[in-house]
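Overview (structure and organization)
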Amino acid sequence: MAAPVGVHLEFGGGAELLFNGVKEHQVTLPSQSDPWDMKQLLVWIRRNLLKERPELFVQGDTVRPGILVLINDADWELMGELEYQLEDQDNIVFISTLHGG
Amino acid sequence: MCICCFSKVKMPVLCSSCAKKRAVLKRPKTGHSLCKDCFFWAFEEEVHRTIMAAKLFKPGETVGIAASGGKDSTVLAHVMKLLNERYSYGLELMLISVDEGITGYRDDSLETVKRNQEQYELPLKIVSYEELYGWTMDAIVKQVGLKNNCTFCGVFRRQALDRGAIILKVDKICTGHNADDVAETVLMNVLRGDIARLRRCTAISTASEGEGVVPRCKPLKYAYEKEIVLYAYFKKLDYFSTECIYSPNAYRGYARTFLKDLESIRPSSIMDVIHSGENLSVREGVKMPVQGTCSRCGYISSQALCKSCVLLEGLNRGLPKLGIGKHHRLHDKILSQQPLTEKEERKLKAVDF
(Lines give C-alpha, C1' and ligand atoms only; values in the text may rest on other atoms or scores of the structure.)
Protein backbone atom coordinates (compact mmCIF):
# COMPACT_ATOMS: atom_id res chain seq x y z
CA MET A 1 0.00 0.00 0.00
CA ALA A 2 1.23 3.44 -0.96
CA ALA A 3 0.89 6.10 1.75
CA PRO A 4 -1.59 8.96 1.34
CA VAL A 5 -0.35 11.76 -0.92
CA GLY A 6 -0.68 15.42 -0.04
CA VAL A 7 -0.91 17.70 -3.08
CA HIS A 8 -1.46 21.39 -3.54
CA LEU A 9 -3.95 22.27 -6.27
CA GLU A 10 -4.40 25.67 -7.84
CA PHE A 11 -7.05 26.82 -10.31
CA GLY A 12 -6.69 30.04 -12.27
CA GLY A 13 -7.48 32.00 -15.42
CA GLY A 14 -11.19 31.54 -14.73
CA ALA A 15 -11.06 27.76 -13.98
CA GLU A 16 -11.57 28.62 -10.30
CA LEU A 17 -15.14 29.66 -11.15
CA LEU A 18 -16.00 25.95 -11.44
CA PHE A 19 -14.72 25.46 -7.87
CA ASN A 20 -16.86 28.05 -6.08
CA GLY A 21 -14.25 30.69 -6.92
CA VAL A 22 -11.70 29.02 -4.61
CA LYS A 23 -8.26 29.14 -6.21
CA GLU A 24 -6.11 27.09 -3.86
CA HIS A 25 -6.83 23.70 -2.34
CA GLN A 26 -4.54 21.59 -0.15
CA VAL A 27 -5.81 18.02 -0.48
CA THR A 28 -4.84 14.58 0.73
CA LEU A 29 -5.36 11.68 -1.64
CA PRO A 30 -6.14 8.48 0.33
CA SER A 31 -3.71 5.60 0.32
CA GLN A 32 -4.27 3.01 -2.40
CA SER A 33 -2.44 -0.02 -3.76
CA ASP A 34 -1.09 1.69 -6.91
CA PRO A 35 0.62 5.08 -6.95
CA TRP A 36 -1.64 8.03 -7.81
CA ASP A 37 -1.31 9.38 -11.33
CA MET A 38 -2.76 12.47 -13.05
CA LYS A 39 -5.53 10.43 -14.66
CA GLN A 40 -6.76 9.30 -11.25
CA LEU A 41 -6.32 12.79 -9.83
CA LEU A 42 -8.70 14.19 -12.46
CA VAL A 43 -11.33 11.61 -11.53
CA TRP A 44 -10.82 12.49 -7.87
CA ILE A 45 -11.14 16.24 -8.56
CA ARG A 46 -14.31 15.67 -10.53
CA ARG A 47 -15.84 13.63 -7.71
CA ASN A 48 -14.66 15.69 -4.78
CA LEU A 49 -13.95 19.29 -5.74
CA LEU A 50 -15.74 20.28 -8.93
CA LYS A 51 -18.85 22.27 -8.09
CA GLU A 52 -20.48 22.95 -11.46
CA ARG A 53 -20.48 22.28 -15.19
CA PRO A 54 -17.96 19.39 -15.13
CA GLU A 55 -17.89 19.38 -18.95
CA LEU A 56 -16.06 22.71 -18.80
CA PHE A 57 -13.21 21.09 -16.90
CA VAL A 58 -12.90 17.46 -17.97
CA GLN A 59 -13.52 15.88 -21.32
CA GLY A 60 -13.25 12.12 -21.56
CA ASP A 61 -10.45 11.12 -19.20
CA THR A 62 -8.41 14.30 -19.62
CA VAL A 63 -8.81 18.05 -19.13
CA ARG A 64 -10.84 20.01 -21.60
CA PRO A 65 -8.68 21.37 -24.41
CA GLY A 66 -7.78 24.98 -23.59
CA ILE A 67 -6.99 24.26 -19.93
CA LEU A 68 -3.26 24.33 -19.25
CA VAL A 69 -1.77 22.05 -16.62
CA LEU A 70 1.48 22.69 -14.78
CA ILE A 71 3.15 20.11 -12.56
CA ASN A 72 5.59 21.73 -10.14
CA ASP A 73 5.64 24.79 -12.42
CA ALA A 74 6.36 22.87 -15.62
CA ASP A 75 4.04 22.21 -18.54
CA TRP A 76 2.54 18.75 -18.02
CA GLU A 77 3.28 17.98 -21.67
CA LEU A 78 6.90 17.61 -20.53
CA MET A 79 5.98 15.39 -17.59
CA GLY A 80 4.03 12.54 -19.15
CA GLU A 81 0.60 14.19 -18.85
CA LEU A 82 -1.97 11.67 -17.59
CA GLU A 83 0.67 9.06 -16.75
CA TYR A 84 2.63 11.33 -14.41
CA GLN A 85 2.87 9.71 -10.97
CA LEU A 86 2.12 12.08 -8.15
CA GLU A 87 4.53 12.56 -5.30
CA ASP A 88 3.86 13.94 -1.88
CA GLN A 89 3.91 17.77 -1.85
CA ASP A 90 3.47 18.10 -5.61
CA ASN A 91 2.03 21.37 -6.82
CA ILE A 92 -0.51 21.11 -9.66
CA VAL A 93 -1.87 24.21 -11.42
CA PHE A 94 -4.80 24.34 -13.84
CA ILE A 95 -5.17 27.53 -15.87
CA SER A 96 -8.05 28.16 -18.21
CA THR A 97 -7.20 29.97 -21.43
CA LEU A 98 -10.82 30.09 -22.44
CA HIS A 99 -11.74 33.30 -20.70
CA GLY A 100 -11.83 36.73 -22.26
CA GLY A 101 -8.68 38.57 -23.13
CA MET B 1 10.47 5.17 -16.45
CA CYS B 2 13.85 6.22 -17.77
CA ILE B 3 14.46 4.52 -21.11
CA CYS B 4 18.23 4.22 -20.73
CA CYS B 5 18.62 2.89 -17.19
CA PHE B 6 15.08 1.57 -16.61
CA SER B 7 14.97 3.34 -13.28
CA LYS B 8 11.84 5.04 -12.03
CA VAL B 9 13.66 8.31 -11.47
CA LYS B 10 11.97 11.10 -13.38
CA MET B 11 14.51 13.00 -15.41
CA PRO B 12 13.69 16.64 -15.87
CA VAL B 13 13.57 17.71 -19.51
CA LEU B 14 16.33 20.20 -20.27
CA CYS B 15 15.84 23.38 -22.26
CA SER B 16 16.50 22.67 -25.93
CA SER B 17 17.90 26.16 -26.40
CA CYS B 18 20.41 26.67 -23.56
CA ALA B 19 20.69 22.99 -22.56
CA LYS B 20 21.34 24.13 -19.00
CA LYS B 21 18.11 24.77 -17.19
CA ARG B 22 14.99 22.71 -16.71
CA ALA B 23 12.39 23.21 -19.45
CA VAL B 24 9.09 24.63 -18.26
CA LEU B 25 6.99 24.38 -21.38
CA LYS B 26 6.59 22.72 -24.72
CA ARG B 27 5.95 25.38 -27.34
CA PRO B 28 2.88 24.54 -29.40
CA LYS B 29 4.21 26.34 -32.48
CA THR B 30 7.64 24.73 -32.68
CA GLY B 31 7.51 21.72 -30.35
CA HIS B 32 10.65 23.03 -28.58
CA SER B 33 11.03 22.57 -24.84
CA LEU B 34 12.27 25.78 -23.25
CA CYS B 35 13.28 27.00 -19.81
CA LYS B 36 11.66 30.12 -18.38
CA ASP B 37 14.29 32.61 -19.53
CA CYS B 38 14.68 31.16 -23.02
CA PHE B 39 10.89 31.14 -23.38
CA PHE B 40 10.56 34.80 -22.34
CA TRP B 41 13.27 35.72 -24.80
CA ALA B 42 11.79 33.66 -27.68
CA PHE B 43 8.29 35.04 -27.07
CA GLU B 44 9.42 38.66 -26.95
CA GLU B 45 11.70 38.30 -29.96
CA GLU B 46 8.90 36.79 -32.03
CA VAL B 47 6.62 39.71 -31.26
CA HIS B 48 9.49 42.05 -32.15
CA ARG B 49 10.01 40.24 -35.46
CA THR B 50 6.28 40.44 -36.21
CA ILE B 51 6.36 44.19 -35.55
CA MET B 52 9.46 44.72 -37.71
CA ALA B 53 8.39 42.47 -40.59
CA ALA B 54 5.03 44.19 -40.93
CA LYS B 55 6.52 47.66 -40.19
CA LEU B 56 3.74 48.27 -37.69
CA PHE B 57 5.15 51.46 -36.15
CA LYS B 58 7.27 54.48 -37.01
CA PRO B 59 9.54 56.33 -34.57
CA GLY B 60 7.80 59.24 -32.90
CA GLU B 61 4.31 57.75 -33.13
CA THR B 62 1.88 57.74 -30.26
CA VAL B 63 0.34 54.30 -29.85
CA GLY B 64 -2.76 53.47 -27.82
CA ILE B 65 -2.91 49.97 -26.38
CA ALA B 66 -6.48 48.74 -26.12
CA ALA B 67 -6.52 47.44 -22.54
CA SER B 68 -9.29 45.34 -21.04
CA GLY B 69 -7.43 44.02 -18.03
CA GLY B 70 -7.56 40.51 -19.53
CA LYS B 71 -4.58 38.28 -20.29
CA ASP B 72 -3.98 39.32 -23.89
CA SER B 73 -3.98 43.07 -23.43
CA THR B 74 -2.00 42.80 -20.20
CA VAL B 75 0.72 40.78 -21.96
CA LEU B 76 0.54 43.18 -24.92
CA ALA B 77 1.06 46.23 -22.70
CA HIS B 78 3.95 44.53 -20.91
CA VAL B 79 5.70 43.39 -24.09
CA MET B 80 5.12 46.68 -25.96
CA LYS B 81 6.68 48.65 -23.13
CA LEU B 82 9.60 46.22 -22.91
CA LEU B 83 10.31 46.15 -26.67
CA ASN B 84 9.90 49.91 -27.00
CA GLU B 85 12.75 50.24 -24.50
CA ARG B 86 14.86 47.27 -25.67
CA TYR B 87 14.82 48.28 -29.33
CA SER B 88 14.28 52.03 -29.01
CA TYR B 89 11.14 52.09 -31.14
CA GLY B 90 10.71 55.70 -30.07
CA LEU B 91 7.00 55.24 -29.39
CA GLU B 92 4.88 57.03 -26.89
CA LEU B 93 2.58 54.40 -25.40
CA MET B 94 -0.70 54.78 -23.58
CA LEU B 95 -3.57 52.59 -22.46
CA ILE B 96 -7.14 53.02 -23.72
CA SER B 97 -9.97 51.18 -22.00
CA VAL B 98 -13.64 50.98 -22.78
CA ASP B 99 -16.13 50.92 -19.94
CA GLU B 100 -19.20 49.19 -21.32
CA GLY B 101 -21.09 49.70 -18.07
CA ILE B 102 -21.38 46.09 -16.95
CA THR B 103 -21.62 45.87 -13.19
CA GLY B 104 -19.63 43.04 -11.64
CA TYR B 105 -17.57 42.53 -14.78
CA ARG B 106 -16.09 45.58 -16.41
CA ASP B 107 -15.93 47.61 -13.24
CA ASP B 108 -13.76 44.84 -11.76
CA SER B 109 -11.55 44.44 -14.80
CA LEU B 110 -11.03 48.21 -14.99
CA GLU B 111 -9.51 48.01 -11.52
CA THR B 112 -6.90 45.70 -13.05
CA VAL B 113 -6.24 48.20 -15.85
CA LYS B 114 -5.78 50.94 -13.27
CA ARG B 115 -3.18 48.80 -11.51
CA ASN B 116 -1.50 48.11 -14.87
CA GLN B 117 -1.34 51.86 -15.44
CA GLU B 118 0.75 52.20 -12.30
CA GLN B 119 2.80 49.04 -12.86
CA TYR B 120 3.75 50.04 -16.40
CA GLU B 121 3.77 53.80 -15.81
CA LEU B 122 1.59 54.44 -18.85
CA PRO B 123 -1.15 57.06 -19.09
CA LEU B 124 -4.68 55.62 -19.17
CA LYS B 125 -7.86 56.90 -20.78
CA ILE B 126 -11.20 55.25 -20.07
CA VAL B 127 -14.09 55.96 -22.43
CA SER B 128 -17.51 54.82 -21.36
CA TYR B 129 -20.60 53.83 -23.33
CA GLU B 130 -22.58 55.99 -20.99
CA GLU B 131 -20.73 59.19 -21.90
CA LEU B 132 -20.49 58.31 -25.61
CA TYR B 133 -23.96 56.90 -26.23
CA GLY B 134 -25.99 57.69 -23.15
CA TRP B 135 -26.53 53.95 -22.55
CA THR B 136 -24.68 51.46 -20.35
CA MET B 137 -24.73 47.77 -21.32
CA ASP B 138 -26.69 47.12 -18.13
CA ALA B 139 -29.41 49.48 -19.40
CA ILE B 140 -29.27 48.03 -22.93
CA VAL B 141 -29.70 44.47 -21.64
CA LYS B 142 -32.71 45.64 -19.64
CA GLN B 143 -34.31 46.79 -22.87
CA VAL B 144 -33.16 44.18 -25.40
CA GLY B 145 -32.71 41.07 -23.26
CA LEU B 146 -29.85 38.59 -23.52
CA LYS B 147 -30.10 37.54 -27.11
CA ASN B 148 -28.59 40.26 -29.29
CA ASN B 149 -26.84 42.27 -26.60
CA CYS B 150 -23.41 41.22 -27.89
CA THR B 151 -24.19 42.91 -31.23
CA PHE B 152 -24.73 46.22 -29.46
CA CYS B 153 -21.63 45.79 -27.37
CA GLY B 154 -19.37 44.81 -30.27
CA VAL B 155 -20.49 47.62 -32.56
CA PHE B 156 -20.28 50.22 -29.81
CA ARG B 157 -16.87 49.05 -28.64
CA ARG B 158 -15.28 49.40 -32.05
CA GLN B 159 -16.36 53.01 -32.27
CA ALA B 160 -15.62 53.74 -28.63
CA LEU B 161 -11.97 52.76 -29.08
CA ASP B 162 -11.71 55.08 -32.08
CA ARG B 163 -13.28 57.92 -30.16
CA GLY B 164 -10.94 57.33 -27.23
CA ALA B 165 -8.00 57.24 -29.64
CA ILE B 166 -9.03 60.55 -31.18
CA ILE B 167 -9.45 62.21 -27.78
CA LEU B 168 -5.93 61.02 -26.89
CA LYS B 169 -4.63 62.00 -30.34
CA VAL B 170 -2.93 58.64 -30.88
CA ASP B 171 -1.64 57.68 -34.33
CA LYS B 172 -2.42 53.99 -33.97
CA ILE B 173 -4.24 51.52 -31.77
CA CYS B 174 -2.88 48.08 -31.05
CA THR B 175 -5.09 45.31 -29.79
CA GLY B 176 -4.34 42.05 -27.99
CA HIS B 177 -5.78 39.72 -30.65
CA ASN B 178 -3.74 36.53 -30.59
CA ALA B 179 -3.25 33.69 -33.09
CA ASP B 180 -6.15 31.70 -31.62
CA ASP B 181 -8.47 34.71 -31.95
CA VAL B 182 -7.50 35.26 -35.58
CA ALA B 183 -7.94 31.58 -36.47
CA GLU B 184 -11.31 31.58 -34.71
CA THR B 185 -12.42 34.62 -36.70
CA VAL B 186 -11.35 33.02 -39.98
CA LEU B 187 -13.47 29.97 -39.13
CA MET B 188 -16.44 32.08 -38.10
CA ASN B 189 -16.35 34.12 -41.27
CA VAL B 190 -16.22 30.92 -43.34
CA LEU B 191 -19.15 29.49 -41.39
CA ARG B 192 -21.17 32.67 -41.84
CA GLY B 193 -20.24 33.16 -45.49
CA ASP B 194 -19.01 36.64 -44.67
CA ILE B 195 -16.57 37.03 -47.56
CA ALA B 196 -15.81 40.71 -47.01
CA ARG B 197 -14.75 40.08 -43.42
CA LEU B 198 -13.01 36.81 -44.32
CA ARG B 199 -10.82 38.74 -46.72
CA ARG B 200 -9.72 41.37 -44.23
CA CYS B 201 -9.75 39.51 -40.91
CA THR B 202 -6.20 38.13 -41.19
CA ALA B 203 -4.64 41.50 -42.01
CA ILE B 204 -2.17 42.44 -39.30
CA SER B 205 -3.04 46.10 -39.61
CA THR B 206 -5.78 48.24 -41.08
CA ALA B 207 -5.03 51.34 -43.06
CA SER B 208 -6.80 54.48 -41.99
CA GLU B 209 -10.19 53.98 -43.53
CA GLY B 210 -11.20 57.60 -43.26
CA GLU B 211 -12.05 60.38 -40.89
CA GLY B 212 -12.68 59.22 -37.35
CA VAL B 213 -11.07 55.81 -37.85
CA VAL B 214 -7.66 55.23 -36.34
CA PRO B 215 -5.44 52.54 -37.92
CA ARG B 216 -5.24 49.34 -35.87
CA CYS B 217 -2.74 46.53 -35.59
CA LYS B 218 -2.28 43.19 -33.84
CA PRO B 219 1.30 42.66 -32.65
CA LEU B 220 0.31 39.33 -31.02
CA LYS B 221 -1.23 37.99 -34.23
CA TYR B 222 1.15 35.01 -34.32
CA ALA B 223 1.33 34.42 -30.56
CA TYR B 224 -0.47 31.32 -29.33
CA GLU B 225 -2.91 31.75 -26.49
CA LYS B 226 -1.14 29.02 -24.54
CA GLU B 227 2.10 31.00 -24.64
CA ILE B 228 0.39 34.26 -23.73
CA VAL B 229 -1.19 32.65 -20.68
CA LEU B 230 2.06 30.98 -19.62
CA TYR B 231 4.02 34.19 -20.23
CA ALA B 232 1.60 36.01 -17.93
CA TYR B 233 1.75 33.17 -15.39
CA PHE B 234 5.54 32.87 -15.23
CA LYS B 235 5.99 36.66 -15.23
CA LYS B 236 3.29 36.89 -12.54
CA LEU B 237 1.46 39.60 -14.49
CA ASP B 238 -1.67 40.96 -12.94
CA TYR B 239 -4.69 40.13 -15.11
CA PHE B 240 -8.40 39.66 -14.75
CA SER B 241 -10.21 36.55 -15.92
CA THR B 242 -13.94 36.33 -15.58
CA GLU B 243 -16.47 35.68 -18.25
CA CYS B 244 -18.69 38.58 -19.19
CA ILE B 245 -21.95 38.13 -17.30
CA TYR B 246 -23.90 38.84 -20.50
CA SER B 247 -21.91 36.66 -22.83
CA PRO B 248 -23.99 33.93 -24.41
CA ASN B 249 -21.94 34.32 -27.61
CA ALA B 250 -22.61 30.69 -28.43
CA TYR B 251 -21.49 30.75 -32.04
CA ARG B 252 -17.99 31.96 -31.25
CA GLY B 253 -17.92 29.47 -28.37
CA TYR B 254 -18.45 26.56 -30.77
CA ALA B 255 -15.77 27.81 -33.15
CA ARG B 256 -13.43 28.17 -30.20
CA THR B 257 -14.06 24.70 -28.80
CA PHE B 258 -13.65 23.19 -32.25
CA LEU B 259 -10.31 24.94 -32.72
CA LYS B 260 -9.08 23.92 -29.26
CA ASP B 261 -10.02 20.30 -29.99
CA LEU B 262 -8.05 20.47 -33.24
CA GLU B 263 -5.10 22.07 -31.47
CA SER B 264 -4.95 19.27 -28.91
CA ILE B 265 -4.49 16.76 -31.74
CA ARG B 266 -2.31 18.95 -33.96
CA PRO B 267 -0.91 22.15 -32.40
CA SER B 268 -0.09 23.69 -35.78
CA SER B 269 -3.82 23.81 -36.64
CA ILE B 270 -4.03 27.39 -35.42
CA MET B 271 -1.23 28.64 -37.65
CA ASP B 272 -2.59 26.52 -40.48
CA VAL B 273 -6.03 28.15 -40.32
CA ILE B 274 -4.42 31.62 -40.26
CA HIS B 275 -2.25 30.62 -43.21
CA SER B 276 -5.33 29.52 -45.15
CA GLY B 277 -7.08 32.79 -44.34
CA GLU B 278 -4.10 34.86 -45.40
CA ASN B 279 -3.78 33.15 -48.74
CA LEU B 280 -7.39 33.05 -49.80
CA SER B 281 -8.19 35.22 -52.74
CA VAL B 282 -11.68 36.24 -53.60
CA ARG B 283 -12.77 35.63 -57.18
CA GLU B 284 -13.40 38.74 -59.21
CA GLY B 285 -17.03 39.60 -59.56
CA VAL B 286 -17.95 38.65 -55.98
CA LYS B 287 -20.05 41.52 -54.71
CA MET B 288 -18.39 43.44 -51.88
CA PRO B 289 -19.95 46.16 -49.78
CA VAL B 290 -18.72 49.63 -50.73
CA GLN B 291 -17.29 51.58 -47.79
CA GLY B 292 -18.74 55.04 -47.37
CA THR B 293 -19.42 57.23 -44.39
CA CYS B 294 -22.40 57.50 -42.11
CA SER B 295 -24.52 60.50 -43.02
CA ARG B 296 -25.30 61.14 -39.37
CA CYS B 297 -22.01 60.76 -37.49
CA GLY B 298 -19.41 60.52 -40.27
CA TYR B 299 -18.05 57.14 -39.15
CA ILE B 300 -17.20 54.53 -41.83
CA SER B 301 -20.24 52.66 -43.02
CA SER B 302 -21.35 50.67 -46.03
CA GLN B 303 -24.89 51.97 -45.52
CA ALA B 304 -26.38 55.47 -45.31
CA LEU B 305 -26.39 55.12 -41.54
CA CYS B 306 -23.67 53.28 -39.62
CA LYS B 307 -24.62 50.29 -37.51
CA SER B 308 -23.93 52.19 -34.32
CA CYS B 309 -26.32 55.02 -35.24
CA VAL B 310 -29.05 52.57 -36.25
CA LEU B 311 -28.69 50.61 -33.00
CA LEU B 312 -28.75 53.82 -31.01
CA GLU B 313 -31.80 55.13 -32.85
CA GLY B 314 -33.55 51.85 -32.10
CA LEU B 315 -32.70 52.09 -28.40
CA ASN B 316 -33.73 55.72 -28.10
CA ARG B 317 -37.06 55.14 -29.86
CA GLY B 318 -37.85 51.98 -27.94
CA LEU B 319 -37.49 49.90 -31.13
CA PRO B 320 -34.54 47.67 -30.20
CA LYS B 321 -34.85 45.40 -33.23
CA LEU B 322 -34.10 48.25 -35.62
CA GLY B 323 -30.41 47.47 -35.87
CA ILE B 324 -30.79 43.69 -35.77
CA GLY B 325 -31.29 42.08 -39.14
CA LYS B 326 -31.87 43.89 -42.41
CA HIS B 327 -33.86 47.06 -42.17
CA HIS B 328 -31.87 49.17 -44.62
CA ARG B 329 -34.95 50.42 -46.42
CA LEU B 330 -36.01 52.17 -43.23
CA HIS B 331 -32.82 54.23 -43.10
CA ASP B 332 -34.22 57.00 -45.33
CA LYS B 333 -37.23 57.30 -43.08
CA ILE B 334 -35.07 57.51 -39.98
CA LEU B 335 -32.76 60.07 -41.55
CA SER B 336 -35.61 62.33 -42.57
CA GLN B 337 -37.26 61.72 -39.19
CA GLN B 338 -40.45 60.44 -40.79
CA PRO B 339 -42.75 58.48 -38.51
CA LEU B 340 -42.85 54.71 -39.01
CA THR B 341 -46.08 52.92 -39.85
CA GLU B 342 -47.81 50.95 -37.15
CA LYS B 343 -46.81 47.69 -38.79
CA GLU B 344 -43.15 48.71 -38.92
CA GLU B 345 -43.22 49.77 -35.29
CA ARG B 346 -44.78 46.50 -34.21
CA LYS B 347 -42.11 44.51 -35.98
CA LEU B 348 -39.27 46.43 -34.38
CA LYS B 349 -40.64 46.51 -30.88
CA ALA B 350 -40.89 42.81 -30.21
CA VAL B 351 -38.39 41.67 -27.64
CA ASP B 352 -38.88 38.01 -28.46
CA PHE B 353 -35.88 38.01 -30.82
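Our structure is the block above this text.
Quick look at the structure, then. (Residues numbered from 1 in each chain as written. Chains lettered and ligands numbered in written order. Predicted model: local features only at pLDDT ≥ 70, side-chain atom pairs only at ≥ 80, totals over all residues. Heavy atoms only, no water.)

**Structural notes on the sheet that holds strand 6 (residues 74-75) of chain A**
Spatially, the five strands line up as an open sheet ordered 2-1-7-5-6 (chain A), and their pairing is mixed. Every interior strand has two partners, whereas the edge strands, strand 2 (24-29) and strand 6 of chain A, have only one. Looking at chain direction, strand 5 (residues 67-71) of chain A and strand 6 of chain A are connected through two bridges and run antiparallel. Following the sheet pairing, Ile 71 of chain A is matched in strand 6 of chain A by Ala 74 of chain A. Along the sheet, helix 1 (residues 38-48) of chain A contacts strand 1 (5-12), strand 2, strand 5 and strand 7 (90-96) of chain A; its crossing angle with strand 7 of chain A, the most-contacted strand, is approximately 65°. Helix-sheet contacts for helix 9 (residues 225-234) of chain B involve strand 5, strand 6 and strand 7 of chain A, and the interaxial angle to strand 5 of chain A is about 45°. (Pairing = 2+ DSSP bridges. Helix = DSSP H or I, 4+ residues; strand = E, 2+ residues; numbered from the N terminus. Contact = heavy atoms within 4.5 Å. Axes fitted to C-alpha atoms, helices over the stretch in contact; angles between N-to-C directions.)

**Some points on the pattern of salt bridges**
Oppositely charged side chains may form a pair once their charged atoms are brought near each other. Under the counting rule described, the total for this entry stands at 30 salt bridges over all chains. Between Glu 52 of chain A and Arg 53 of chain A there is a salt bridge whose closest N-O contact spans 3.2 Å. Owing to a relative accessible area of 32%, Glu 52 of chain A belongs among the partly exposed residues under this scheme. By relative accessible area, Arg 53 of chain A is classed as partly exposed at 39%. Arg 27 of chain B is the salt-bridge partner of Glu 227 of chain B, the closest N and O atoms lying 2.9 Å from each other. (Salt bridge = Lys/Arg side-chain N within 4 Å of Asp/Glu carboxyl O. Buried < 20%, exposed > 50% of the residue type's maximum accessible area, 1.4 Å probe, protein only.)

**Focus on the packing of aromatic side chains**
All chains considered together, the criterion is met by 16 aromatic pairs over all chains. Taken together through their ring pairs, the aromatic side chains of Phe 11, Phe 19, Phe 57 and Phe 94 of chain A make up a single cluster. The ring centre of Phe 40 of chain B lies 4.3 Å from the NZ or CZ of Lys 235 of chain B, which sits over that ring. (Phe/Tyr/Trp six-rings, centres within 6.5 Å; stacked < 30°, edge-to-face > 60°. Lys NZ or Arg CZ within 6 Å of the ring centre and 35° of its normal.)

**Details of the sheet that holds strand 4 (residues 92-99) of chain B**
All names here are of chain B. Taken in spatial order, the five strands make up an open sheet running 5-4-3-6-7, and their pairing is parallel. Only two strands of the sheet have a single partner each, and these edge strands are strand 5 (124-128) and strand 7 (216-217). The sheet contact formed by strand 3 (residues 62-66) and strand 6 (residues 172-174) spans three bridges and is parallel. Pairing of Val 63 across the sheet is with Lys 172, part of strand 6. Against the sheet, helix 3 (residues 106-120) touches strand 4 and strand 5, its axis set at about 165° to strand 4.

**Quick look at the nonpolar core**
One finds Phe 39, Phe 43, Phe 57, Ile 65, Met 80 and Tyr 231 of chain B to be the most contacted residues of the largest nonpolar core, which totals 48 residues. Broken down by secondary-structure element, the contributors of at least two residues to this core are strand 5 and strand 7 of chain A together with helix 1 (36-53), strand 3, helix 2 (71-86), strand 4, helix 3 and helix 9 of chain B. Sequence-distant contacts of Met 80 of chain B, defined by excluding residues within four places in its chain, comprise Ile 51, Phe 57, Ile 65, Leu 91, Leu 93, Cys 174 and Pro 219 of chain B. If you look at the next biggest cluster of nonpolar residues, it comprises 30 residues, including Val 98, Tyr 133, Ala 160 and Leu 311 of chain B. (Core = buried A, V, L, I, M, F, W, Y, C linked by side-chain atoms within 4.5 Å.)

**Section: the packing of helix 1 of chain B against helix 9 of chain B**
Residue and element names in this part refer to chain B. Direction vectors running N to C along helix 1 and helix 9 enclose 130°, while the axes themselves pass 11 Å from each other. For the element pair helix 1 / helix 9, the angle class is oblique. For the crossing formed where helix 1 meets helix 9, the hand is left-handed. Each of Lys 36, Phe 39, Phe 40, Phe 43 and Glu 44 in helix 1 lies in contact with helix 9, whose residues at this interface are Glu 227, Ile 228, Leu 230, Tyr 231 and Phe 234. (Parallel < 35°, antiparallel > 145°, perpendicular 65-115°, else oblique. Left-handed = near helix turned anticlockwise from the far one by under 90°.)

**Topic: the interface of chain B and chain A**
With 30 residues of chain B in contact, the opposing surface of chain A contributes 28 residues. Taken together, both faces of the contact between chain B and chain A bury some 2,300 Å²; the carbon and sulfur share is 53%. In this structure, the connection of chain B to chain A is made through two salt bridges. One salt bridge connects Glu 77 of chain A with Lys 226 of chain B, and the closest N-O pair in it is separated by 2.9 Å. Summed over the shared surface of chain B and chain A, the number is eight residue pairs in polar contact (both at pLDDT 80 or more). Put simply, the parts of the chain that give the side of chain B that touches chain A at least two residues each are strand 1 (25-26), helix 2, helix 9 and helix 10 (250-265) of chain B. The greatest single-element share of the side of chain B that touches chain A, amounting to six residues, is contributed by helix 9 of chain B. (Buried area = accessible area lost by both parts, 1.4 Å probe. Polar contact = N/O pair within 3.5 Å; in protein donor to acceptor, adjacent residues only side chain to side chain.)

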